[in-house]
Amino acid sequence: MLKKLPVGIQTFKDIIEENRLYIDKTEIAYELIDNYKYVFLSRPRRFGKSLFMDTLHNIFEGNKEYFKDLAIESKWNWDIKYPVIKIAFGKVRSSEDLKQTIHKILNSNQERLEVICNKEYDYANCFGDLIQKASQKYNQKVVILIDEYDKPILDNIENQEVAVENREILSRFYTEIKNADEFIKFAMLTGVSKFSKASIFSGLNMIEDISLTPKFGDICGYTQDDIETSFLPYLKEQDFEKIKKWYNGYNFLKSNVYNPFDILKFIKNDFVYDNYWFESGTPTFLIKLIKQKNYFLPNLSNLVVDKKILSSFDIENLDLEVILFQAGYLTIKKVEIDEDEDILYTLEIPNKEVKISLNKYIITYLFKNDTSKAKLLSKALRNNDLEEFKNSLISLFASIPYNNYTKNDIANYEGFYASVIYVYLQSLGLDIVGEDVTNKGRIDLTIIMEDSIYIIEFKVGSKDALAQIKEKNYAKKYLDKNKDIYLMGINFDEKEKNISKFEWEIITY
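Definitions and limits used
Residues numbered from 1 in each chain as written. Predicted model: local features only at pLDDT ≥ 70, side-chain atom pairs only at ≥ 80, totals over all residues. Heavy atoms only, no water. Buried < 20%, exposed > 50% of the residue type's maximum accessible area, 1.4 Å probe, protein only. Helix = DSSP H or I, 4+ residues; strand = E, 2+ residues; numbered from the N terminus. Pairing = 2+ DSSP bridges. Patch = residues over 30% accessible without salt bridge, like charges linked within 9 Å, V, L, I, M, F, W, Y side chains within 5 Å. Areas by Shrake-Rupley, 256 points an atom, 1.4 Å probe, with all protein chains shown as cover. Salt bridge = Lys/Arg side-chain N within 4 Å of Asp/Glu carboxyl O. Lys, Arg positive; Asp, Glu negative; His and termini not counted. Charge placed at Lys NZ, Arg CZ, Asp CG, Glu CD. Arc of directions from axis to C-beta. Contact = heavy atoms within 4.5 Å. Polar contact = N/O pair within 3.5 Å; in protein donor to acceptor, adjacent residues only side chain to side chain. Axes fitted to C-alpha atoms, helices over the stretch in contact; angles between N-to-C directions. Parallel < 35°, antiparallel > 145°, perpendicular 65-115°, else oblique. Nonpolar A, V, L, I, M, F, W, Y, C, P; charged D, E, K, R; others polar.

*Asks:* Provide a residue-level description of the pairing of strand 4 (residues 184–191), including the pertinent values.
*Replies:* The element strand 4 is extensively covered by neighbouring structure, given that seven of its eight residues are classed as buried. Of the pairings in the sheet, the one linking strand 1 (residues 38–42) to strand 4 comprises five bridges and is parallel in character. Paired with S42 across the two strands is G191, which belongs to strand 4. Two elements, strand 3 (residues 142–147) and strand 4, share five bridges in a ladder whose sense is parallel. By the bridge assignment, V143 is partnered in strand 4 with F186.

*Asks:* Describe a positive patch on the surface, listing the residues and the values that go with them.
*Replies:* A cluster of like positive charges, contributed by K242, K245, K352 and R382, occupies part of the molecular surface. Structurally, K352 can be placed in helix 14 (residues 352–365).

*Asks:* Provide a residue-level description of helix 9 (residues 240–247), including the pertinent values.
*Replies:* Within the span of helix 9, buried status applies to F240, I243, W246 and Y247. Relative to the axis of helix 9, the buried residues are bounded by an arc of 125 degrees and lie together on one face. Its buried side turned inward, helix 9 meets helix 8 (224–228), strand 7 (250–251), strand 8 (256–258), helix 10 (260–268) and helix 14. Of the residues that open helix 9, the one with a side-chain oxygen 3.1 Å from the backbone nitrogen of E241 is D239. Positioned one or two residues after helix 9, G249 has a phi angle of 120 degrees, which is positive.

*Asks:* Would you mind going over the packing of helix 9 against helix 14 in detail, with residue names and values included?
*Replies:* At a minimum axis separation of 4 Å, helix 9 and helix 14 run at an interaxial angle of 45 degrees. Considered as vectors, helix 9 and helix 14 are oriented oblique to each other. Here helix 9 contributes K245, W246 and Y247 to the contact with helix 14, which in turn contributes K352, E353 and I356. Of the residues belonging to the contact of helix 9 with helix 14, the class tally is three nonpolar, no polar and three charged.

*Asks:* Could you give an account of the sheet that holds strand 10 (residues 331–337), naming the residues involved and the relevant values?
*Replies:* The three strands are arranged 9-11-10 in an open sheet whose pairing can be described as antiparallel. In this open sheet, the two strands that pair with only one neighbour each are strand 9 (303–306) and strand 10. Within this sheet the neighbouring strands show an average axis-to-axis angle of 30 degrees, counted without direction. By the bridge criterion, six bridges tie strand 10 to strand 11 (residues 343–348) in an arrangement that is antiparallel. Opposite K334, over in strand 11, you have T346 as the bridge partner.

Here's what the structure looks like:
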């Protein structure tokens, strides 16, 4: 009899009491609480942060009965029971709403801990009072667990005024942790984003960010080993390579991991491949940011950023690449040290689910179009039918409602046309490299098919696109791949906003 799966359950006690499948993260939990006092962890939504925090809650409360046969059972001193203050925010729409929510959360903790705080104190002073009085009542230092610390900001990110107000409220609130240092055993904050230290973390400069610490890389998510051992009885007849392509690929400098939500829903829904994680939260704000910044979408296939970009988030100066990484639409592919000894991260879309879903979403909400034309493009490339590819592109660009872009001079923006083709082909999960680097320059788009490679250069106006590919010998990079290489030069007319010239040549393998 297989154990039930913990679909949608974030309460550790319920998983254990109901004899549901639990992937043991208590070895990592012990390593964390035995070596750190103040910790911050960033992970995308639905990645198991809340369950991990609730597991810590039960460890610190000394609930040994729930940890039978788990890694921490023989290591932890279960005789010591620490008072735990647990904070998790719901949706808030204003600064006043946030203050009221904080008071409710603090009242709930007071009732559970049987502590009464000074009624005259505001939300921040009440928090400090609660920490001190809980420590004094139980004669033990306090544990503070704050899950999704940034939710009141992220939920209002499209309303900058409210987001900034909430940031200031939370900054003052969290500063009480530093002020109460002598009463604290351990404090952990989790969230999607890390805001720059100049803002919300200004009062928490003692906190250690473990988000990209390799030994904690697997703190959330399922590893390949988990899939092939703990989940094996549930997945016996399934194609493990296909599952990996669809749902694996997130990397936080240790193993490649799966989003737990995807795997649990995939099994529950009788092994139907679908965009379970993606559809649980729509990236409307990201689409607006892409449009606002005229972002060159092919960059998403091969993006290099430094450590500073990955670790900060500024409400007043939003960086699309930071948001895409921290929200889970991009992940780490490799890490390198440059000649100045700076750390550089190459980012990529983690898996097929995100690749297909994100690009379909962009097509629908940014280009106001449907995704059916993508299959015609793909079919033409698979058949090496470049005349049909050209006709499909002409039809595609003719169908885009350009009045959506009146504020942007897209007629002269080559990146727009490259971005359109990129997202349509990516929506089918094709292998595409944008801004493909060669020793002679950058190829606009490279499409790698099973038996052929397409190298494409775009130009707005009359400049010869195909000539550039040949002059710079872009094909040289791929001559050892034993495939036919198609060179495509595509020109766009500024007024017609469509293809004015389409030339190609083939280098036969």
